Amino acid sequence: AGDLRDLPSLTPGPAELADLELLLNGAFQPLTGFLGAVDAATVAAAGRLADGTPWPAAVTLAVPEDLTKEERVVLTDPEGVPLAILHIAETWQDNVSPAGFPGGDPLRASETTSWHAAGRVETLALPEHGTFRRLRLTPREVRAELAGATTLALATRGPLHRRHLGQLRQLAEKLDARLLLMPLIGEGHDDALVRALLAVRRELPAGTLVVPVPLIERPGRDLALAAHVAAAYGATHFFLEPAAGAEEAARAGAQALPLTSGQLPIEPVTPEPWAYDESVEVWRPVSKIEPDHIRPEPTEAELAAMLDRGEKIPEWFTLPAVAEELRRANPPRHERGLTVFFTGLSGSGKSTIARGLADALVERGGRTVTLLDGDVVRRLLSAGLTFSRDDRDLNIRRIGYVAAEITRHGGVAICAPIAPYAATRAEVRRMVNAAGDFVLVHVATPLEECERRDRKGLYAKARAGLIPEFTGISDPYELPDDAELTIDTSQLTPEAAVERVLDLLVAGGWVRS
Ligand code: ADP
């Protein structure tokens, strides 16, 4: 270990660290490391490694180009603690997009490089980051606990409601199986999911295990990969909702793998349909219910709308403890964190409207508001940055990071940078959406009007060539096609512009009328 310090090191991105944990603890067996180009391609195309072994998803590591000449690289956690040595067997450039990540994955560390390194990973230490550590048993520990019992595994990104519990109890009895619940925790804000699954354990047979798995979502490959992990944990059967395969395929298109027993390492088990019988007020198999006694269960969208409005999820549908976790994870809109992000040319009116909105919200009360004005941010948070593309992007990411944290804590962040690049705006939307809601307002005042106002004298300077890379004059502004609201201020008073944004927030339920 003495020479570890002499090796170059790399902190993989959150998604890669999650993969690394599963490689190191054996959950991704038979994989022993990150995949090379040929394996990644055959996995993406056919759900198999190059040698024919079924394997559903590309597990790859992006590296900066200067590491491609190395033989060994130390992989560290976000705090710099060494986790593993990667023995580089191959470096390759991305000419296949790993399954499920067309056009690159924002969670990967080196998203701007297309270089990857493949090879065995040698364990130095198992990761210690992440919540619910004590529940995150290794496959060896889970297998020891199961001691060879027939085991039905269920992998999920959502909570289990009363119907699922009935189906699970029925299947556990029929198969004489233990149950293994695997909450799939993605990017670290899935604590509520784990708590919601712990909360239903007492309704399930004794000995039911809850083991959170840091499995990043890979559309079209998600359940197949989870089944492989379940097999590594010692499960013998895998719970599959009848529509699961079709739903995955619909979301992922051509990249989806069929979820048939030939493709899965353990036996898929589809539950019998269950429903709520109104006449006796219990959940039971549909085959036992008179058709006109079936109460339809709320759809995902209906549940989300109920949570948005702050309505109680009915007790006939889910356990109160689960409803409480859902409510905490999705507070009613008027209590939920929100980022209102203004984008537009300099002088279009962003700051003026943002300031007016902040004042109006504070006057109404009930909300904590932080204004992240473009110019103010540049004097403090982003002092020293230029207007090059890279620095502009970094500026927006910093604003996005702060806005996401404000949003996570239930506040309202109002941002008013120019934010000329669509990809960066989309990145901020993603960051914020992991924590709460995001509303994009395009202040679409025409360039001629902004230039005529020339409030800060900047357009005159830009035209005279004194400011290079000026948005709208000598640098691009990519028009948003995803704005929740578009405002042209050329025919509008500032008060009326603020009113439009407020109306949107009231209509959406974020602000009470
Ligand atoms: P930005 O923040 O987009 O650079 P500013 O808000 O600093 O823009 O400047 C916009 C200018 O346009 C201000 O002088 C403002 O008074 C004027 N203006 C005129 N009509 C409006 C309107 N409806 N909304 C916002 N600003 C307006």
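Computed from a predicted structure; not experimentally measured.

Caption draft 1: Main features of the packing of helix α10 (residues 350–364) against helix α16 (residues 494–508). With their axes 9 Å apart at the nearest point, α10 and α16 run at an angle of 55° to one another. Between α10 and α16, the angle is such that the two are oblique. As for how α10 packs across α16, the hand of that crossing is right-handed. Contacts from Thr352, Ile353, Gly356, Leu357, Ala360, Leu361 and Arg364 in α10 reach Pro494, Ala497, Val498, Val501, Leu502, Leu505 and Val506 in α16. Of the residues that constitute the contact of α10 with α16, the class distribution is eleven nonpolar, two polar and one charged.

Caption draft 2: Region of the structure containing unusual backbone geometry. Residues glutamine 29 and proline 30 are joined by a peptide bond in cis, for which omega reads 5°. Note that proline 30 resides in the loop between α1 (14–24) and β2 (33–34). Although it is not a glycine, alanine 419 sits at a positive phi angle of roughly 45°. With respect to the helices and strands, the residue alanine 419 is situated in the loop between β16 (412–416) and α13 (422–433). Here glutamate 469, not a glycine, exhibits a phi torsion of approximately 55°, which is positive. Relative to the helices and strands, glutamate 469 is located in the loop between α15 (458–463) and β18 (485–487). Residue classification places glutamate 469 among the partly exposed positions, given a relative accessible area of 36%.

Caption draft 3: Examining the domain arrangement of the protein chain more closely. For the protein chain, the assigned domains are domain 1 (2–123), domain 2 (133–329) and domain 3 (338–508). Using C-alpha coordinates to define each centre, domain 2 is positioned 41 Å away from domain 3.

Caption draft 4: Up close: the site of the ligand. The local shell around the ligand holds 17 residues, among which Gly347, Ser351, Thr352, Arg455 and Leu492 are the closest. Within the backbone of threonine 493, a nitrogen or oxygen atom sits 3.2 Å from a nitrogen atom of the ligand. Between the ligand and proline 494, the relevant distance is 3.3 Å, taken from a nitrogen atom to a main-chain nitrogen or oxygen of the residue. Contact with the protein chains removes 85% of the 560 Å² of surface that the ligand exposes when unbound.

Caption draft 5: Spotlight on the state of the cysteines. One pass over the structure, following the stated rule, counts zero disulfides. No disulfide involves cysteine 415; its nearest neighbouring cysteine sulfur is the one of cysteine 450, lying 19 Å away. Under the relative-accessibility criterion, cysteine 415 is labelled buried at 0%. Since its relative accessible area comes to 0%, cysteine 450 is described here as buried.

About the thresholds
Residues numbered from 1 in each chain as written. Predicted model: local features only at pLDDT ≥ 70, side-chain atom pairs only at ≥ 80, totals over all residues. Heavy atoms only, no water. Axes fitted to C-alpha atoms, helices over the stretch in contact; angles between N-to-C directions. Helix = DSSP H or I, 4+ residues; strand = E, 2+ residues; numbered from the N terminus. Parallel < 35°, antiparallel > 145°, perpendicular 65-115°, else oblique. Left-handed = near helix turned anticlockwise from the far one by under 90°. Contact = heavy atoms within 4.5 Å. Nonpolar A, V, L, I, M, F, W, Y, C, P; charged D, E, K, R; others polar. Buried < 20%, exposed > 50% of the residue type's maximum accessible area, 1.4 Å probe, protein only. Domains from an automatic or database assignment. Near = heavy atom within 4 Å. Polar contact = N/O pair within 3.5 Å; in protein donor to acceptor, adjacent residues only side chain to side chain. Areas by Shrake-Rupley, 256 points an atom, 1.4 Å probe, with all protein chains shown as cover. Disulfide = S-S within 2.5 Å.

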